[in-house]
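Residue-level structure breakdown
Now for the letters of each chain:
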Amino acid sequence: MCKDAKVLLLVNTLFTFAMGLSNIFVNVFFWKQTNDFKVIVIYNMMHYIVIPIIFLLAGIIAKAKNGIWPLRFGLLAYALFFGVILLVGGKGIGYIYALGIIHGIGSGFYWLAFNTLCFDYTEVNNRDSFNGFNGSCSGIAMAGAPITSAFIISLFEGTTGYNVVFAITLMIFLLLIFISITLKCKNYAGKLNYKKAFLGNCEEWRTIRKSTVLWGFRDVIIVFIINILIIENTKSELSLGQLTLVASLLSSATYIFVQRAIKPARRRLSIMIGSLGSFFAILGLAVEVKYITLLLYVVLDALFIPFFIIQLSSTTYNVINRAHDEDMRIEYMINKDLMLNTGRIISAGILLILLNISDDPSVLQGYLIFIGLAPIVSAYFLSKLKKVLLGESG
């Protein structure tokens with residue numbers, strides 16, 4: 001890997017650590033103020049709605065300059081987000097829409113830049129290794145962050161601990177802005193191709209779009225649901241931190257294993273293992289939500305999801321290579337994110353409708369089964385890309 005790829009890994013590892021410190025506890029922070037799942041869903045839904053809009057704007061900027069500028073804008077927006085949370089404190093619920101929008105701005109800029117720079121700094125023959133290293137480094141960062149913030153929160157009464165954690169996160173994002181200055185990338189000096197950004201392009205890319213939108217149904221939606229359920233069952237931020245630590249360590253180990261053991265001939269098997277394993281992880285929660293079923297979910301999900309995620313990520317980039325559309329990589333990243341967030345928005349919208357219809361716990365359990373099936377259908381489409389998964393060139 002080149003020097004810039006290593007710096008990008010450092011940036012994303014610190015980014016993951018910062019988000020691990022605070023992101024899961026932002027939802028808990030709002031939950032403690034309202035005890036209302038609908039508020040949490042609305043906050044996250046605003047986030048998902050804004051991301052594709054900002055992705056498009058970030059793509060226009062990246063195309064005119066390069067991917068580093070949106071990266072810096074994203075880090076700056078995240079710093080603003082945590083600064084606003086510190087400023088409004090316990091009145092955050094009154095700013096739930098604004099906070100969701102700012103969070104979406106940060107995510108849109110950051111992830112467009114990260115996905116684009118990942119493509120720029122890697123090649124077909126080292127992309128699996130980069131994704132594997134990124135997954136394991138992020139996993140280690142995610143392992144240490146929540147348990148650290150949970151410990152800090154437990155030291156203080158009320159919301160003081162939350163404010164300390166949010167302040168530390170703010171400082172990390174300011175540091176990341178300075179680190180991003182060291183990254184170098186050639187200027188693209190072009191204009192955005194809107195057809196490539198919005199349409200299906202080639203047959204293989206249409207398959208990626210289907211797989212991605214279905215993955216979006218589950219993706220981060222399940223994360224905030226599980227975190228709230230853990231808090232409700234244990235009444236302890238420290239327990240949430242401990243379970244996240246277990247999940248992150250297991251996930252990191254699995255990322256390393258997949259990186260080393262899964263060669264092109266085994267990629268379809270990897271997809272099947274990941275999708276089926278993630279579904280079985282949810283089954284216990286569909287029967288009864290209690291600590292043992294939450295622990296079982298956390299362990300199984302951490303063990304199986306990397307088998308699927310690495311293949312989805314690498315295959316997405318490799319389809320672009322096979323289409324010989326490397327110069328259109330920004331458009332493809334926008335295209336992919338539109339599909340991912342379409343899945344998230346539809347899924348969050350369904351959950352919001354269900355919660356408005358009934359507060360019965362069985363509604364949430366049924367919803368978990370629904371989103372648990374999504375990766376299996378996503379895997380079906382992804383597995384159809386046999387030539388791409390075998391590493392054949394276009």
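Residues numbered from 1 in each chain as written. Predicted model: local features only at pLDDT ≥ 70, side-chain atom pairs only at ≥ 80, totals over all residues. Heavy atoms only, no water.

**Re the overall build of the protein chain**
Where we set the bar: Helix and strand definitions follow DSSP, with helices as H or I runs of at least four residues and strands as E runs of at least two, each counted in order from the N terminus. Our radius of gyration is a C-alpha quantity, and the globule rule it is checked against amounts to 2.2 Å times the number of residues to the power 0.38. Whether a residue is buried, partly exposed or exposed follows from its accessible area with a 1.4 Å probe, protein chains only, as a fraction of its type maximum: under 20%, in between, or over 50%, in that order. Note on contacts: a residue pair is in contact if any heavy atoms of the two residues lie within 4.5 Å. Only the protein chains shown count as cover for residues, and the accessible areas themselves come from Shrake-Rupley with a 1.4 Å probe.
A tally of helices and strands in the protein chain yields 15 helices and zero strands. Over its C-alpha atoms the protein chain spans a radius of gyration of 20 Å, differing by no more than 12% from the 21 Å that the globule rule assigns to 394 residues. Its C-alpha atoms put the protein chain at 55 × 45 × 35 Å along the principal axes. Considering the protein chain as a whole, with its 394 residues, one finds that 58% of them fall into the buried category. Within the protein chain, residue pairs in contact and separated by at least 24 positions form 87% of the contacts whose partners lie at least 6 positions apart. A total accessible area of about 15800 Å² is found for the protein chain, and carbon and sulfur atoms account for 67% of it.

**Considering unusual backbone geometry**
Positive phi is not limited to glycine here, since asparagine 35 has a value of about 55 degrees. Note on asparagine 35: relative accessible area 53%, which makes it exposed. Even without being glycine, lysine 235 reaches a positive phi, approximately 60 degrees. Along the chain, lysine 235 falls in the loop between helix H9 (221–234) and helix H10 (237–261). Look at lysine 235 and you get exposed, because its relative accessible area is 60%.

**Some words on the packing of helix H1 (residues 3–34) against helix H2 (residues 37–64)**
Each packed pair of helices is defined by two parameters, the angle between the axes and the distance between the axes. What counts here: Lines fitted to C-alpha atoms define the axes here, with helix axes fitted over just the stretch in contact, and angles between the N-to-C directions of these axes take values from 0 to 180 degrees. Crossing handedness is read from the near helix: turned anticlockwise from the far helix by less than a right angle, it gives a left-handed crossing, and turned clockwise, a right-handed one. Residues are grouped as follows: Ala, Val, Leu, Ile, Met, Phe, Trp, Tyr, Cys and Pro are nonpolar; Asp, Glu, Lys and Arg are charged; every other residue, Gly included, is polar.
Running from N to C, H1 and H2 point in directions that differ by 145 degrees, and their axes come no closer than 9 Å. As H1 packs across H2, the resulting crossing turns out to be right-handed. Between H1 and H2, the residues in contact are Val26, Asn27, Phe30, Trp31 and Thr34 and Phe37, Val39, Ile40, Tyr43 and Asn44, respectively. Split into classes, the residues belonging to the contact of H1 with H2 amount to seven nonpolar, three polar and no charged.

**Remarks on helix H4 (residues 96–121)**
For the α-helix, the turn length of 3.6 residues means that residues three or four positions removed from each other point alike. Heads up, the rule is: Take the number of residues in a helix, subtract one, and multiply by 1.5 Å to get its expected span.
Between the first and last C-alpha of H4 there are 37 Å, a value that for 26 residues agrees with the 38 Å anticipated at 1.5 Å per step. The buried count for H4 comes to 20 of 26 residues, which makes it a mostly enclosed element.

**Some points on the packing of H4 against helix H13 (residues 329–357)**
For the record, the criterion: Under this scheme an angle from 65 to 115 degrees is roughly perpendicular, one under 35 degrees roughly parallel, and one over 145 degrees roughly antiparallel; angles in between are oblique.
Between H4 and H13, whose axes approach to 10 Å, the crossing angle comes to 135 degrees. Our classification of the angle between H4 and H13 gives oblique. Our pair here, H4 against H13, has a crossing hand that is right-handed. Where H4 approaches H13, its residues Leu112, Asn115, Thr116, Phe119 and Asp120 are matched on the opposing element by Arg329, Ile330, Met333 and Ile334. For the contact of H4 with H13, a count of residues per class yields five nonpolar, two polar and two charged.

**Some thoughts on the nonpolar core**
This is how it is decided: Buried Ala, Val, Leu, Ile, Met, Phe, Trp, Tyr and Cys residues that are joined via side-chain atoms within 4.5 Å together make up what is termed a nonpolar core.
Core analysis: the biggest nonpolar cluster contains 117 residues, and Phe173 and Ile225 have the highest contact counts within it. Ranked by residue count, the leading element in this core is H1, at 16 residues. In contact with phenylalanine 173, not counting residues within four places along its chain, are Phe15, Ala18, Met19, Leu75, Tyr78, Ala79 and Phe82. Within the second largest apolar cluster, five residues are counted, among which are Tyr255, Val258, Ile262 and Phe307.

**Quick word on the side chain of threonine 316**
Within the secondary structure, threonine 316 sits in helix H12 (residues 291–322). Exposure remark for threonine 316: the relative accessible area of 1% places this residue in the buried category. Excluding residues that lie within four positions of it along the chain, threonine 316 makes contacts with Trp205, Ile208, Met333 and Lys336.

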